[in-house]
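What follows is each chain in one-letter form.
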Amino acid sequence: MSTLAPLRLLREPWNASEGNQSNATVGASGGWCQGLDIPNELFLMLGLVSLVENLLVVAAILKNRNLHSPTYYFICCLAVSDMLVSISNLAEMLLMLLLEHGALVMSPSIIRHMDSIIDILICSSVVSSLSFLGVIAVDRYITIFYALRYHSIMTLQRAVVTMASIWLASTVSSTVLITQYRSNTILLCLIGFFLFMLVLMLVLYIHMFALARHHLHSISSQQKPPTAHRGGSLKGAVTLTILLGVFFICWGPFFFYLILIVTCPTNPFCTCFFSYFNLFLILIICNSVIDPLIYAFRSQELRRTLREVVTCSW
């Protein structure tokens, strides 16, 4: 088994024979095609940091009744999804280390079944994480543009149905993906899902930023000198850049990898790109580390509750 192989079925494109892959690699014999050797310790460290961060977010939201609202429930679900990404990767890492050192002996069939189960869990957490990022964007959009009707639109019942639907859909789609991994149609659906989430977040956040900029312009036009407009616009632009930039940088390479699997599995450039699979996984784990900083820790109420959780002030 290779080092940290979640979604191992996607690691080597099935469209290309082994001979074609090796020929393509030889044809593109640049040093950068050798891939990137990422130590197991880095995966473990990032996984543990993400696990602790997101566990604290979940604990804080459960502890503070003031945070028992649809908005924070969605953030809590995002933290659970990111936490599952870390747990799944840590579980697979531990399984492989135990097998490699002979501390655990299992038949090949049991190993395959366990690996498939872990892959389904990883894929499900990835899909649910993407889904909740989109739901949080929609929730913020409703908060800004339909503030007076927010509580009638985003009721607790609708929030619960939304969360349950995402978890169910993520589990089913991930099971289909892992069991039918040789189908390009399945990969195209996953790629389409990512592009949909990217466009959704882009449109919603840009619209929200445009509205905030308009309001700041209206306020600053009544002031002498009008400095608030420029400062507020800059702050909003920075926030928007961080939100969309982190999303695209952390998720983009992996989904570009899937696009190349479908479009050019034997092309020399694509073959070189495939060798960086572990780097793309590191970026996804990094996203699980960054998400709490963007979506949770910016809340003053949640930060206060986190301090109480850390100091055991229950």
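Everything numeric in this text was worked out from a predicted model, so none of it was measured. Counting starts from 1 at the beginning of each chain's written sequence and moves along it residue by residue. Predicted model: local features are reported for residues with pLDDT of at least 70 only, side-chain atom pairs are reported and counted for 80 or more only, and whole-chain, interface and lining totals are derived from all residues. Note that the side-chain values use all heavy atoms of the structure and ignore hydrogens as well as water.

Novice: Which residues make up the state of the cysteines, and what values go with them?
Specialist: Counting rule for disulfides: a pair of cysteine sulfur atoms within 2.5 Å. Within this structure, the stated rule accounts for one disulfide. The partner cysteine of Cys264 in its disulfide is Cys270, sulfur to sulfur 1.8 Å. Taking the sign of the S-S torsion, -75 degrees for the link of Cys264 and Cys270, the bridge is left-handed. Just as Cys264 is buried, Cys270 falls in that class too. Each residue gets one of three labels from its accessible area relative to the maximum for its type: buried under 20%, exposed over 50%, partly exposed in between, using a 1.4 Å probe on protein chains only.

Novice: Tell me about a nonpolar patch on the surface, residues and numbers included.
Specialist: Together, Leu168, Val172 and Val176 make up an exposed nonpolar region whose accessible area comes to about 260 Å². Turning to its location among the elements, Val172 is positioned in helix H6 (residues 156-179). For Val172, a relative accessible area of 48% translates into the label partly exposed. Patch criteria: residues need more than 30% relative accessible area and no salt bridge. Like-charged residues are merged within 9 Å; nonpolar side chains of Val, Leu, Ile, Met, Phe, Trp and Tyr are merged within 5 Å. We get accessible surface area from the Shrake-Rupley algorithm with a probe of 1.4 Å; when it comes to residues, only the shown protein chains can shield them. A pairing counts as a salt bridge when a side-chain nitrogen of Lys or Arg comes within 4 Å of a carboxyl oxygen of Asp or Glu. Here a strand is any run of E in DSSP of at least two residues, a helix any run of H or I of at least four, and the numbering for each starts at the N terminus.

Novice: Give a detailed account of the confidence of the model for the chain, specifying residues and quantitative values.
Specialist: Caution applies to low-pLDDT parts of the model: their predicted coordinates are not meant to be read in detail. The predictor reports its confidence for every residue as pLDDT, a score running from 0 up to 100. For the chain, mean pLDDT is 78; residues scoring 70 or higher make up 79% of the total. We call two residues contacting when some pair of their heavy atoms lies within 4.5 Å. Under a pLDDT of 50 for its full length, residues 1-9 has, in the predicted model, 41 contacts with residues more than four places off or in other chains. Contacts for the low-pLDDT stretch residues 227-233, under 50 throughout, to residues beyond four places or in other chains number nine contacts.

Novice: Account for the packing of helix H3 (residues 70-100) against helix H10 (residues 277-296), naming residues and giving values.
Specialist: In this analysis an axis means a line fitted to C-alpha atoms, helices contributing only their contacting stretch, and an angle means the value between N-to-C directions, from 0 to 180 degrees. Where H3 contacts H10, the axes come no closer than 10 Å and their chain directions differ by 155 degrees. Comparing the axis directions of H3 and H10 gives the class roughly antiparallel. As H3 packs across H10, the resulting crossing turns out to be left-handed. Together, Ile75, Leu78, Asp82, Val85 and Asn89 of H3 and Ile284, Ile285, Ser288, Asp291, Tyr295 and Ala296 of H10 make up the contact between the two elements. A breakdown of the residues in the contact of H3 with H10 according to their chemical character gives seven nonpolar, two polar and two charged. Should an angle lie under 35 degrees it is considered roughly parallel, over 145 roughly antiparallel, and from 65 to 115 roughly perpendicular; all remaining angles are considered oblique. The sense of a crossing depends on the near helix, which, turned anticlockwise from the far helix by less than a right angle, makes the crossing left-handed and, turned clockwise, makes it right-handed. Note on residue classes: Ala, Val, Leu, Ile, Met, Phe, Trp, Tyr, Cys and Pro are nonpolar, Asp, Glu, Lys and Arg are charged, and everything else, Gly too, is polar.

Novice: Describe the packing of aromatic side chains, and please don't skip the residues or the numbers.
Specialist: Classification of ring pairs rests on two measures: the distance between centres of Phe, Tyr or Trp rings, Trp counted by its six-membered ring, which must be within 6.5 Å, and the angle between planes, read as stacked under 30 degrees, edge-to-face over 60 and tilted in between. One pass over the full model with this rule turns up 13 aromatic pairs. With 5.2 Å between their ring centres and 75 degrees between their planes, Tyr257 and Phe274 make a pair best called edge-to-face. Pair noted here: Tyr257 is in helix H8 (residues 228-263) and Phe274 is in helix H9 (residues 268-274), with a separation of 17 residues, a long-range link. Note on accessibility: Tyr257 and Phe274 belong to one class, buried.

Novice: Any chance you could break down the UniProt feature "transmembrane region" (unreviewed entry) in the chain for me, citing the residues and the numbers?
Specialist: Here, the residues flagged by UniProt with the feature "transmembrane region" (unreviewed entry) are residues 42-62, 74-97, 117-138, 159-179, 185-212, 233-261 and 273-297. Each end of residues 74-97 is marked by a C-alpha atom, and these two atoms are 35 Å apart; helix forms 100% of the span and strand 0%. Helix makes up 100% of residues 159-179 and strand 0%. Its end C-alpha atoms lie 30 Å apart. UniProt positions are given in the numbering used here, feature names are shortened, and annotations may be inferred rather than shown by experiment.

Novice: Describe H6, naming the residues involved and giving the relevant values.
Specialist: Take the residue count of a helix, subtract one, and multiply by 1.5 Å to get its expected span. Compared with an ideal rise of 1.5 Å per residue, which puts 24 residues at 34 Å, H6 spans 35 Å between its outermost C-alpha atoms and is within 8% of the ideal. Listed in full, the buried residues belonging to H6 are Ala159, Met163, Ile166, Ser170, Ser174, Leu177 and Ile178.

Novice: Tell me about the side chain of Ser129, and please be specific about residues and values.
Specialist: Within the element layout of this structure, Ser129 appears in helix H4 (residues 108-145). By relative accessible area, which is 0% here, Ser129 ends up buried. Discounting chain neighbours no more than four positions away, the residues touching Ser129 are Leu78, Ser81, Asp82, Trp251 and Asp291.

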